[in-house]
Amino acid sequence: MKLPEELQFIANARMVQKTTDVRIDGRVCVITGATSGVGYQATRRLAHGGARVVTVCRNRERATRIQKELKREYDAQVDVLQADFSRLLDVRKAAETILADYARIDVLINNAGVHHTQRTLTEDGIETVFCVNHLASFLLTRLLLPKIIESAPARIIQVNSQGHRFGGLDLDDLNWDRRRYKGLQAYGASKVAQLLTVWELADQLEGTGVTINAMHPGEVRTNIGMNNGLLYRLYKRYLLWWILKDPVISGNAIYYLAAAPEMAGVSGRFFNLTIDEKPAPHALDRSIGKRIWKISEELTGLSGTD
Ligand SMILES: NC(=O)c1ccc[n+]([C@@H]2O[C@H](COP(=O)([O-])OP(=O)(O)OC[C@H]3O[C@@H](n4cnc5c(N)ncnc54)[C@H](OP(=O)(O)O)[C@@H]3O)[C@@H](O)[C@H]2O)c1
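A brief report on the enclosed structure follows. Going along each chain's sequence as written, the residues are numbered from 1 onward. In keeping with the predicted nature of the model, local features appear solely for residues at pLDDT of at least 70, side-chain atom pairs appear and are counted solely at 80 or more, and the whole-chain, interface and lining totals rest on all residues. As a rule here, side-chain values come from all non-hydrogen atoms in the structure, and water together with hydrogens is ignored.

1. Things to note about the packing of helix H2 (residues 37-48) against helix H3 (residues 60-74)
Using the following cut-off: A fitted line through C-alpha atoms represents every axis, and for helices the fit uses only the stretch in contact; the resulting angles, taken between N-to-C directions, go from 0 to 180 degrees. We count a stretch as a helix when DSSP gives it H or I for four or more residues in a row; a strand needs E for two or more, and each element gets its number in order from the N terminus. Crossings are sorted by hand: turned counterclockwise from the far helix by less than a right angle, the near helix makes the crossing left-handed, and turned clockwise it makes it right-handed. The contact rule is simple, with two residues in contact once any of their heavy atoms fall within 4.5 Å. In this classification, Asp, Glu, Lys and Arg are treated as charged, Ala, Val, Leu, Ile, Met, Phe, Trp, Tyr, Cys and Pro as nonpolar, and every other residue, Gly included, as polar.
Their axes nearest at 10 Å, the elements H2 and H3 cross at an angle of 35°. The crossing of H2 and H3 is right-handed. Of the residues in H3, those in contact with Tyr40, Thr43, Arg44, Ala47 and His48 of H2 are Ile66, Glu69, Leu70, Glu73 and Tyr74. Broken down by class, the residue content of the contact of H2 with H3 amounts to five nonpolar, two polar and three charged.

Written as structure tokens, this is what we have:
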């Protein structure tokens, strides 16, 4: 039975995923949120595939442990940079270090993400989930872009989510000042904003040899949401846990998108793991996309830059 288009993502999640064994020896891959879950598995797979991995992580101690583990297991070169993505200044500092220390960037994977059930604001007064999931990845990508373009062919991967289907993006109330905060919708809003900017950037990058795609990493067993209250944590650990999959599938999917020769030149798409999929209609509205692009530039202090 063929599902209606808006439910096709359910069928896609059951499809056989694409994989690649191609090696990417020496390619410089920058990945955020490598200390846990999806990002950790992607980092392992990249290291196994020969990449030089630059991890940008909040928890330096955990990142250093992973660095040692991957040196031991794969003799991989993994570097660690510290940044808290709820602080846009940290993102800027991390970008400066990367631009200064690396001659090229072949792959950028924006993976770090959070889900909060309660509204919190960052030091800059921005709703935290919107800042970490969208603004930080927007800013990092934009700051690294000149070097990524110089390094072309290169790829940018945004670890997004089916959560974009929850909607929630209100351009007049990004901080949830006027609405009652709903965690899933706030998470959805951050992912919609990210998707809308992917289509904009894909157009801008046409002809540069740099591709940008977004992906959903599967419904997988990770730490996301475990920063929330006891009730949520019990729900996740004892109910949700059993239906979630091993995040190894997420790492493999990200590796496929980053390394597979058949992905060269593919840009401006949304992948359910590795299956090309149509996002929700509200995440395809290009007029809202242009507005969120401008707002994101303003909030990250990029206005007026190229
Ligand atoms: N798990 C799923 O089923 C699922 C489904 C759809 C999409 N996703 C997406 O997958 C991505 C990874 O999430 P996950 O499921 O792997 O969750 P996770 O296990 O909680 O990992 C999240 C990563 O992001 C980092 N991070 C969180 N807040 C940060 C901050 N303020 N600054 C810097 N880094 C920060 C975490 O660092 P720490 O180790 O310091 O906490 C961790 O490395 C997210 O973008 C999420 O939206 C996940």
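2. Points about the sheet that holds strand S3 (residues 78-82)
We apply this condition: DSSP-based pairing: two strands are paired if at least 2 bridges between them are found.
Strand order in this open sheet of eight strands is S3-S2-S1-S4-S5-S6-S7-S8, and the pairing throughout is mixed. Here the strands that pair on one side only, and so sit at the sheet edges, are S3 and strand S8 (275-277). Strand-to-strand, the axes of this sheet are offset by a mean angle of 25°, without reference to chain direction. With three bridges connecting them, strand S1 (residues 28-32) and strand S4 (residues 107-110) associate as parallel partners. Directly across from valine 30, in S4, lies its bridge partner leucine 108. Packing of H3 onto the sheet brings it into contact with strand S2 (52-57) and S3, and relative to S3 it is tilted by some 175°.

3. Thoughts on the pattern of salt bridges
Using the following cut-off: Each reported salt bridge corresponds to a side-chain nitrogen of Lys or Arg within 4 Å of a carboxyl oxygen of Asp or Glu. Residue burial is assigned from relative accessible area. The probe radius is 1.4 Å, only protein chains are included, and a residue is buried under 20% of its type maximum, exposed over 50%, and partly exposed in between.
In this structure the tally under the stated criterion is 18 salt bridges. Between arginine 52 and aspartate 79 there is a salt bridge; the shortest N-O distance is 3.0 Å. Within this pair, whereas arginine 52 is found in strand S2, its partner aspartate 79 is found in strand S3, the two being separated by 27 residues in sequence. As a salt-bridge pair, arginine 286 and glutamate 200 come within 2.9 Å of each other at their nearest N and O atoms. Of this pair, arginine 286 sits in helix H9 (residues 286-299) while glutamate 200 sits in helix H6 (residues 183-204), and the two are 86 residues apart along the sequence. Given the relative accessible area of 7%, glutamate 200 is considered buried. A single network of salt bridges, built from pairs that share partners, joins Glu200, Asp203, Arg286 and Lys290.

4. Looking at the state of the cysteines
How we decide: Any two cysteine sulfur atoms lying within 2.5 Å of each other are counted as a disulfide.
Inspection of every chain in the model, using the stated rule, returns zero disulfides. Of the cysteine sulfurs around cysteine 131, a residue in no disulfide, the closest is that of cysteine 57, at 17 Å. A relative accessible area of 0% places cysteine 131 in the buried class.

5. Here we look at the packing of aromatic side chains
Rules: Two rings from Phe, Tyr or Trp (for Trp, the six-membered ring) form a pair when their centres are within 6.5 Å of each other. A pair whose planes differ by under 30 degrees is stacked, one over 60 is edge-to-face, and the rest are tilted. Each ring is checked for a lysine NZ or an arginine CZ that lies within 6 Å of its centre and within 35 degrees of its normal; such an atom marks a charge sitting over the ring.
Taken as a whole and assessed by the stated rule, the structure comprises three aromatic pairs. For the pair phenylalanine 138 and tryptophan 293, a centre-to-centre distance of 5.0 Å together with 80° between the ring planes defines the contact as edge-to-face. Of this pair, phenylalanine 138 sits in helix H5 (residues 128-150) while tryptophan 293 sits in helix H9, placing them 155 residues apart in sequence. Its relative accessible area of 4% is what places phenylalanine 138 among the buried residues. Look at tryptophan 293 and you get buried, because its relative accessible area is 10%. Ring centres of tyrosine 232 and tyrosine 235 lie 5.9 Å apart, and the angle between their planes is 65°; on these two criteria the pair is classed as edge-to-face. Of the two residues, tyrosine 232 and tyrosine 235 both sit in helix H7 (residues 230-238), three residues apart, roughly one turn of that helix. Since its relative accessible area comes to 19%, tyrosine 232 is described here as buried. What makes tyrosine 235 partly exposed here is its relative accessible area of 38%. One residue, arginine 45, lies across the ring of tyrosine 255, its end atom 3.8 Å from the ring centre. Against the face of tryptophan 176 rests arginine 179, its NZ or CZ located 3.6 Å from the ring centre.

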